[in-house]
Amino acid sequence: MTNNTNTKVMLSILAAMSIYLFAAAGGYMNPNIQTSIEAWPSVPADQIRLLNTLPALISLPVMLLVSSQIGKRINYKTAILIGTVLILVGGVGPYFYAPSWNTVLAFRMIIGLGSGFFGIRTALLIHTVPKEKRARYLGLTGILSSLATTVISPITGSLAEISWRHPFLINFFVIVIALAVGAFLIEPDHEQHAKDNAETPVDAKFPWMSLVYIAIQFITTMTMYPMLSGISTFMREQNLGTASVAGLAISFYTLGGAMIGLILPKTQIWFGRRTQGVALVLGAIGQLIVIFAPHAMIAWLGAFICGTGFILIVNTFQLYNAKIAHPSKMALGSTLLIASMQAGVFASNYFISLSHIVIKASSEVMSSYWANVAIYAILAVFAITGFLAPKVDKK
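Residues numbered from 1 in each chain as written. Predicted model: local features only at pLDDT ≥ 70, side-chain atom pairs only at ≥ 80, totals over all residues. Heavy atoms only, no water.

## Observations regarding helix α11 (residues 208–229)
- Its 22 residues give α11 an end-to-end C-alpha distance of 32 Å, which sits within 8% of 32 Å, the value for a rise of 1.5 Å per residue.
- Along its length, α11 shows its largest kink, about 25°, at Thr 223, and proline Pro 226 lies within four residues downstream of that point.
- For α11, the tally of buried residues reaches 16 of 22 residues, placing the bulk of the element in the interior. (Helix = DSSP H or I, 4+ residues; strand = E, 2+ residues; numbered from the N terminus. Expected span 1.5 Å × (residues − 1). Bend = angle between axes of the 7 residues up to and from the residue. Buried < 20%, exposed > 50% of the residue type's maximum accessible area, 1.4 Å probe, protein only.)

Below you can see the structure in the form of structure tokens.
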């Protein structure tokens, strides 16, 4: 290829990676939860937490519908641009107009629609970069997503100290993605994708192990997400800090994810078939450190370790799916893994309440933290055997 072509291809890859800047579009309000609880005293806390979890639920059917129509009725660029518009409108809307909490939730439903269009991001990246570079670029996107959250979370926390409305302004950043994708993204070869489908053998079914990955991804997201959505409440309860301090805890969590993204290919060499077991152990240890933290900085350390564990789980499952699935099933598996995370985010709201019924710790958030430790530890015992790792690459 000529230098000009190489430049266009690299810019296209960077445009595809830019979507990960808002991979957590619905979750950037985590530092704003406690401020919103205090601003809306007549609204139950579980309804306030829908601020973060409702977009995840709404995104699910959209994500599945869009992924099934890519290359048929809609292309990647159009889908992403539609998503950016929806995230912008739904994201900043509550700052300008919020006469009731139901109105706020209506705007969050709109941002959920936009997040659903962004659900094709990993499938887009897989079809954009060469097979031998997928692990590297998946790691880089993890870094990008983590760094975005690292920067945005303390900003959101600081804005939450002004008022519960101001954090919604952070969604103006989605305009960056619209500009990058609109200007530089090269549409993947849909004809080749169609050829892969046409050449699918009759027995090339969706791998049953991918269903196992999807189920575990759902569970690990559902139990870990309260660490983020409840962190501002936890900090206040434990007298560890304000919303901005909670925002920094989320930043350290995402920095942990960024670090693991840098060494993602090496983790598969170091830990081999036990990678997911190691990741789950890290998640449990990190959560324990947060629970017993005597100071905000110790809680930040725990959040950092939680981030390394969880992001390692996410990226490793994507790599495993790419290894065992036929090319025609790869995008579906990737999308369903992301969808399971979105479902887990929504279910986390109810996991918090259920955990408190069972554990009865000092608060709902504390109960969910202890439940997370227990579930990660149980899954780690199962995963450390290497059962989850693909036995052979797909043919």
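What follows continues from the structure just given.
## Details of the nonpolar core
- Within the largest apolar cluster, 100 residues are counted, with the highest numbers of intra-cluster contacts made by Trp 101, Met 227, Ile 231 and Met 235.
- For this core, the element with the highest residue contribution is helix α16 (residues 296–324), accounting for 13 residues.
- Setting aside anything within four residues of it in sequence, one finds Met 227 in contact with Tyr 253, Gln 287, Val 290, Ala 303, Cys 306 and Tyr 369. (Core = buried A, V, L, I, M, F, W, Y, C linked by side-chain atoms within 4.5 Å. Contact = heavy atoms within 4.5 Å.)

## Overview of the environment of Thr 78
- Residue placement: Thr 78 occurs in helix α5 (residues 76–96).
- Between the C-alpha atoms of Thr 78 and Gly 182, which are 104 residues apart in sequence, the distance is 8.7 Å.

## Topic: unusual backbone geometry
- Of note in this structure, Asn 239 is not a glycine but carries a positive phi near 55°.
- Take Asn 239: it is sitting in the loop between α12 (231–237) and α13 (243–262).
- In this structure, Lys 360 takes a positive phi of about 55° despite not being glycine.
- Checked against the element boundaries, Lys 360 lands in the loop between α17 (327–359) and α18 (364–383).

## Structural notes on the packing of helix α15 (residues 275–291) against α18
- Interhelical geometry of α15 versus α18 gives an angle of 155° and a closest axis separation of 8 Å. As summarised for this structure, α15 and α18 are arranged roughly antiparallel, according to the angle between their axes. The interaxial crossing formed by α15 with α18 has left-handed handedness. Seen from α15, the contacting residues are Gln 276, Gly 277, Leu 280, Val 281, Gly 283, Ala 284, Gln 287, Leu 288, Val 290 and Ile 291; seen from α18, they are Met 366, Tyr 369, Trp 370, Asn 372, Val 373, Tyr 376, Ala 377, Leu 379, Ala 380 and Ala 383.
- Its residues assigned to classes, the contact of α15 with α18 comprises 15 nonpolar, five polar and no charged. (Axes fitted to C-alpha atoms, helices over the stretch in contact; angles between N-to-C directions. Parallel < 35°, antiparallel > 145°, perpendicular 65-115°, else oblique. Left-handed = near helix turned anticlockwise from the far one by under 90°. Nonpolar A, V, L, I, M, F, W, Y, C, P; charged D, E, K, R; others polar.)

## Digging into the packing of aromatic side chains
- The tally for this structure, following the rule as stated, stands at 12 aromatic pairs.
- For the ring pair Trp 40 and Trp 164, a centre distance of 5.4 Å and an interplane angle of 75° mean the geometry is edge-to-face. Pair noted here: Trp 40 is in the loop between α2 (33–39) and α3 (45–48) and Trp 164 is in the loop between α8 (134–160) and α9 (174–184), with a separation of 124 residues, a long-range link. The two residues Trp 40 and Trp 164 agree in class, both being buried. (Phe/Tyr/Trp six-rings, centres within 6.5 Å; stacked < 30°, edge-to-face > 60°.)

## Some remarks on the pattern of salt bridges
- On inspection of all chains with the given rule, the structure shows two salt bridges.
- A salt bridge links Arg 236 to Glu 38; its shortest N-O distance comes to 2.4 Å. With a gap of 198 residues between them, Arg 236 in helix α12 and Glu 38 in helix α2 connect regions that are remote in the sequence.
- Here Arg 49 makes a salt bridge to Glu 364, at a shortest N to O gap of 3.2 Å. Residue Arg 49 is located in the loop between α3 and α4 (50–69), and its partner Glu 364 is located in helix α18; the two are separated by 315 residues in the primary sequence. (Salt bridge = Lys/Arg side-chain N within 4 Å of Asp/Glu carboxyl O.)

## Here's the deal with a nonpolar patch on the surface
- Residues Phe 292, Leu 354, Ile 357, Val 358, Ile 359 and Trp 370 make up a contiguous nonpolar surface patch of roughly 620 Å² in combined accessible area.
- In terms of residue count, the dominant contributor to the nonpolar patch is α17 (four residues).
- Residue position: Val 358 is located in helix α17.
- A residue is classified by how much of its surface remains accessible, and Val 358, at 62% relative accessible area, is exposed. (Patch = residues over 30% accessible without salt bridge, like charges linked within 9 Å, V, L, I, M, F, W, Y side chains within 5 Å. Areas by Shrake-Rupley, 256 points an atom, 1.4 Å probe, with all protein chains shown as cover.)

## Concerning α4
- Look at α4: 29 Å from first C-alpha to last across 20 residues, which is about the 28 Å you get at 1.5 Å a residue.
- Helix geometry: α4 is bent most strongly at Ser 59, by close to 35°, with proline Pro 61 lying one to four residues after it.

## As for the side chain of Gln 287
- Inspection of the secondary structure assignment puts Gln 287 in helix α15.
- A distance of 2.9 Å separates polar atoms of two side chains, one belonging to Gln 287 and the other to Asn 372.
- Residues within four places of Gln 287 in sequence aside, it is in contact with Met 227, Cys 306, Tyr 369, Asn 372 and Val 373. (Polar contact = N/O pair within 3.5 Å; in protein donor to acceptor, adjacent residues only side chain to side chain.)

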